[in-house]
Amino acid sequence: MKAKAAVADGNGTFVIGFVDVAEPQADEIIVEMKAAGICHTDYDSLSWGKPIIMGHEGAGIVRSVGPAVTKVQPGNAVILNWAIPCGQCFQCLEGNQHICEVNSPVTAGNRASGGHARLESTTYNGQPIERAFSLGTLSQLAVVRQAAAVKIGVAIPFPSAAIVGCGVMTGVGSVINAAKVKPGRSVVVLGTGGVGLNVIQGARLAGAGMIIGVDVNPNRLEMAKQYGATHTIQADRADTGLLQAAAQVKQMTGGRGADYAFECTSIPELGAAPLAMIRNAGLACQVSGIEQEIAIDMNLFEWDKVYINPLYGQCRPEIDFPLLLNLYAKGDLLLDELITRTYSLNNLQQALDDMLAGRNAKGVIVFD
């Protein structure tokens, strides 16, 4: 079967071309993609030094299954999940499915991990091609392991379902699963883009008493209020380390500092900023995936402060995805509203440009 797909060359560019997809074997399934979210990781994947089918957020309909598949069947609507647990390794048995030592494309060695369907199941120009994060959702057809699919059990448009599988899970999960924000406490969120808005939603769902959004963009701060921010601070780009903003946070929290602070900017120079925002014995959480080497003034840790760096909101797909979908169905989790604009696959470049320019809360590719 032929499928239109976005194929990155590994050197900074991509093309919209056609891939050949083989029938699924063993525990593989073929998903007809209906929608795929766009995030900064998709832009980063252009320069990973290898050809790949792009995309790691998505939802669609199961079209065919391999003989060993037991959990889904053709016709099921599913969300795809890139943190694919094996269920047997040390970390999975510890409850850390999001950092599976066998299947995770992040922690299993930056390669086509055990969670990846057969490399030869999809070819481009006659050559087997890897799928980003073991998924490759920017394709009309995606071949994945059955463990990558979670059935959708509520009424939800595919574009809204698609974004659950990365940005929403990362933001809400960082609050609920990782930081375990307590009701009535104060939370500050640095950066109110797509992930930051979901941290704000997570803080609202956790019952936080004060939720402070910090951003340089006043339009994003207005958006933050729609998702649960009770207060906002418009930061100055010249405010090195956001220390002036931190002084405002302390003033707003009785001179003490916030109980929790979440970094969602992806800016290495702001990696230490959440430590400046929290009180003694407070908790800072790095959400955006900063991996560069940064310098930290150890005075910022004084005293008894904790800084954590969770992956993917500590996702447990079969537990967390239904939870998020049920919150959506009840009207508590805003997903439809997050999608600023949809695009066709042919307009992927525009979607990436709009994301980089900060025009969207979330952009989504919708397949015909």
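This text gives an overview of the structure that appears in the document.

Now for the overall build of the protein. A tally of helices and strands in the protein yields 10 helices and 19 strands. A compact globule built from 368 residues would reach a C-alpha radius of gyration of about 21 Å, and the protein, at 20 Å, matches this within 12%. Across its three principal directions, the C-alpha atoms of the protein cover 60 × 40 × 40 Å. When each of the 368 residues of the protein is scored for burial, the buried share is 55%. Of all intrachain contacts in the protein linking residues separated by at least 6 positions in sequence, the fraction that spans at least 24 positions is 65%. Summing over all exposed atoms, the protein offers an accessible surface of approximately 15,100 Å²; the carbon and sulfur share of this is 49%.

For the pair helix 4 (residues 167-179) and helix 9 (residues 317-329), the least separation of the axes is 11 Å and the interaxial angle reads 100°. When the axis of helix 4 is compared with that of helix 9, the two are roughly perpendicular. Contact with helix 4, carried on its side by Val168, Met169, Val172 and Asn177, involves Asp320, Phe321 and Leu324 of helix 9 and no other residues of that element. Across the contact of helix 4 with helix 9, the residue classes break down as 5 nonpolar, 1 polar and 1 charged.

This part covers helix 10 (residues 348-356). Residues of helix 10 that are buried include every one of Leu348, Ala351, Leu352, Asp354 and Met355, and no others. Along the long axis of helix 10, the arc covered by the buried residues comes to 165°, so they all point the same way. Positive backbone phi, approximately 75°, marks Gly358, located one or two places after helix 10.

At their nearest, the axes of helix 5 (residues 194-205) and helix 6 (residues 218-227) sit 9 Å apart, and the two run at 30° to each other. Classified by the angle their axes make, helix 5 and helix 6 are roughly parallel. For helix 5 against helix 6, the interelement crossing comes out right-handed. The segment helix 5 lies against helix 6, with Gly194, Leu197, Ile200, Gln201 and Arg204 engaging Arg220, Met223, Ala224 and Tyr227. Broken down by class, the residue content of the contact of helix 5 with helix 6 amounts to 5 nonpolar, 2 polar and 2 charged.

Scanning the entire structure with this criterion turns up 3 aromatic pairs. On the basis of an interplanar angle of 75° and a centroid distance of 5.0 Å, the ring pair of Trp82 and Phe133 is categorised as edge-to-face. Of this pair, Trp82 sits in the loop between strand 6 (77-80) and helix 2 (90-93) while Phe133 sits in the loop between strand 9 (130-131) and strand 10 (141-145), and the two are 51 residues apart along the sequence. Take Trp82 and Phe133: they sit in the same class, and that class is buried. Judged by centre distance (4.3 Å) and plane angle (20°), the ring pair of Trp82 and Tyr312 falls under stacked.

By the secondary structure assignment, Met252 is in helix 7 (residues 243-252). The partly exposed category is assigned to Met252, whose relative accessible area is 26%. Expressed as a C-alpha distance, the spacing of Met252 and His231, which sit 21 residues apart in the sequence, is 9.1 Å. Setting aside residues up to four positions removed in sequence, Met252 forms contacts with Met210, Ile212, His231 and Ile233.

With respect to burial, strand 3 (residues 28-38) is a largely interior element, 9 of its 11 residues being buried. Here strand 3 pairs with strand 10 via 5 bridges, running antiparallel. Within strand 10, the residue paired with Ile30 across the bridge is Val143. Direction of pairing for strand 3 relative to strand 5 (residues 58-65): antiparallel, over a ladder of 6 bridges. Bridge pairing in strand 5 places Ala35 opposite Ala59. Direction of pairing for strand 3 relative to strand 19 (residues 362-366): antiparallel, over a ladder of 4 bridges. For Ile38, the partnering residue across the bridge sits in strand 19 and is Gly363.

The next thing to look at is the sheet that holds strand 17 (residues 306-308). A sheet is described by the order of its strands in space; here 6 strands give the open sequence 14-13-12-15-16-17, paired in parallel fashion. Looking at the sheet topology across the chains shown, the edges are occupied by strand 14 (231-234) and strand 17. With strand direction ignored, the average angle separating the axes of adjacent strands in the sheet is 15°. Of the strands in this sheet, strand 15 (258-263), strand 16 (278-286) and strand 17 touch helix 4, which is tilted by about 130° from strand 15. Running at roughly 170° to strand 14, helix 6 makes contact with strand 13 (210-215) and strand 14 of the sheet.

Attention now goes to helix 5. The terminal C-alpha atoms of helix 5, which comprises 12 residues, lie 17 Å apart, in line with the 16 Å expected from a rise of 1.5 Å per residue. Turning to helix 5, the residues buried within the fold contact helix 4, strand 12 (186-190), strand 13, helix 6 and strand 15.

Following Glu302, the chain continues to Trp303 via a peptide bond in cis, the omega torsion being 0°. Mapped onto the fold, Trp303 is located in the loop between strand 16 and strand 17. Non-glycine residue Lys180 carries a positive phi angle of around 55°. Given the relative accessible area of 52%, Lys180 is considered exposed. If you check the backbone angles, Asp304 has positive phi at about 60° while not being a glycine. Along the polypeptide, Asp304 turns up in the loop between strand 16 and strand 17. A residue is classified by how much of its surface remains accessible, and Asp304, at 62% relative accessible area, is exposed.

Procedures and definitions
- Residues numbered from 1 in each chain as written.
- Predicted model: local features only at pLDDT ≥ 70, side-chain atom pairs only at ≥ 80, totals over all residues.
- Heavy atoms only, no water.
- Helix = DSSP H or I, 4+ residues; strand = E, 2+ residues; numbered from the N terminus.
- Rg over C-alpha atoms; globule rule 2.2 N^0.38 Å.
- Buried < 20%, exposed > 50% of the residue type's maximum accessible area, 1.4 Å probe, protein only.
- Contact = heavy atoms within 4.5 Å.
- Areas by Shrake-Rupley, 256 points an atom, 1.4 Å probe, with all protein chains shown as cover.
- Axes fitted to C-alpha atoms, helices over the stretch in contact; angles between N-to-C directions.
- Parallel < 35°, antiparallel > 145°, perpendicular 65-115°, else oblique.
- Nonpolar A, V, L, I, M, F, W, Y, C, P; charged D, E, K, R; others polar.
- Arc of directions from axis to C-beta.
- Left-handed = near helix turned anticlockwise from the far one by under 90°.
- Phe/Tyr/Trp six-rings, centres within 6.5 Å; stacked < 30°, edge-to-face > 60°.
- Pairing = 2+ DSSP bridges.
- Expected span 1.5 Å × (residues − 1).

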